[in-house]
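# Per-entry structural report
Take a look at the letters that make up each chain.
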Amino acid sequence: MRFHVYKKSRDKEKYLRGRECEIILFEASARALKAAGIGDKLPDLAKLREEYSRLSEEKDRLYAEYGSLKKRMREYDAVKQNIDSILSPNRVQEQDKAL
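Residues numbered from 1 in each chain as written. Predicted model: local features only at pLDDT ≥ 70, side-chain atom pairs only at ≥ 80, totals over all residues. Heavy atoms only, no water.

### Description of the overall build of the protein chain
Along its length, the protein chain carries five helices and zero strands. Ordered by position in the sequence, the α and β elements of the protein chain form the string α-α-α-α-α. Counting over 99 residues, the protein chain shows a buried share of 3%. Roughly 9,800 Å² of accessible area belongs to the protein chain as shown, and the carbon and sulfur atoms make up 56% of that amount. (Helix = DSSP H or I, 4+ residues; strand = E, 2+ residues; numbered from the N terminus. Buried < 20%, exposed > 50% of the residue type's maximum accessible area, 1.4 Å probe, protein only. Areas by Shrake-Rupley, 256 points an atom, 1.4 Å probe, with all protein chains shown as cover.)

Here is the structure:
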């Protein structure tokens, strides 16, 4: 909350009522930080941004790797289906009859 603005306001009750949502969010944030053991000192914003950037890059890399592995899995599945159809032609004919 901006204490200097609060102190300068003529109607302090009106100011508090108008900022009630902000105050509730601030108090909830303070309780969450205290529960997490962060206490009075907040983490450095520059470090948080750096970590976020690093994690975002890692997420992108892992997602790209996931895509390539998913593609390989589809290829392996197609190969497996081909091998299964070669090794058991009767089974394929039975499946065709069922459809």
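### Here we look at the packing of aromatic side chains
In this description, an aromatic ring pair is defined by two values, namely the gap between the centres and the angle between the planes. Within this structure, the stated rule accounts for one aromatic pair. Note on Tyr63 and Tyr66: the rings are 6.1 Å apart at their centroids and 35° apart in plane angle, and the pair reads as tilted. Residue Tyr63 and its partner Tyr66 are located together in helix H4 (residues 45-87), separated by three residues, close to a single helical turn. With a relative accessible area of 47%, Tyr66 lands in the partly exposed category. (Phe/Tyr/Trp six-rings, centres within 6.5 Å; stacked < 30°, edge-to-face > 60°.)

### Comments concerning the pattern of salt bridges
Pairing between side chains of opposite charge can happen when the charged atoms of each approach one another. In the structure shown here, the tally under the stated rule is three salt bridges. The partner of Lys80 in a salt bridge is Asp84, with the nearest N and O atoms 2.9 Å apart. Here Lys80 pairs with Asp84, and both are found in helix H4, just four residues apart, close to one helical turn. In this structure Lys80 comes out as partly exposed when scored by relative accessible area, which is 48%. Residue classification places Asp84 among the partly exposed positions, given a relative accessible area of 27%. (Salt bridge = Lys/Arg side-chain N within 4 Å of Asp/Glu carboxyl O.)

### As for helix H3 (residues 20-35)
The end-to-end C-alpha separation of H3 is 22 Å, in line with the 22 Å expected for 16 residues at 1.5 Å each. Backbone geometry just after H3 places Gly37 at a positive phi near 85°. (Expected span 1.5 Å × (residues − 1).)

### Looking at the confidence of the model for the protein chain
Low pLDDT means the predicted atomic positions in that stretch should not be read closely. Summary statistics for the protein chain give a mean pLDDT of 82 and a share of 81% for residues scoring 70 or more. Per-element mean pLDDT across the protein chain ranges from 61 in helix H1 (residues 3-8) up to 94 in H4. (pLDDT = per-residue confidence, 0-100.)

### Concerning a nonpolar patch on the surface
A cluster of nonpolar residues, Val79, Ile83, Ile86 and Leu87, forms a patch on the protein surface that exposes about 430 Å² of accessible area. Tracing the sequence through the fold places Leu87 in helix H4. Overall, the relative accessible area of 67% leaves Leu87 in the exposed class. (Patch = residues over 30% accessible without salt bridge, like charges linked within 9 Å, V, L, I, M, F, W, Y side chains within 5 Å.)

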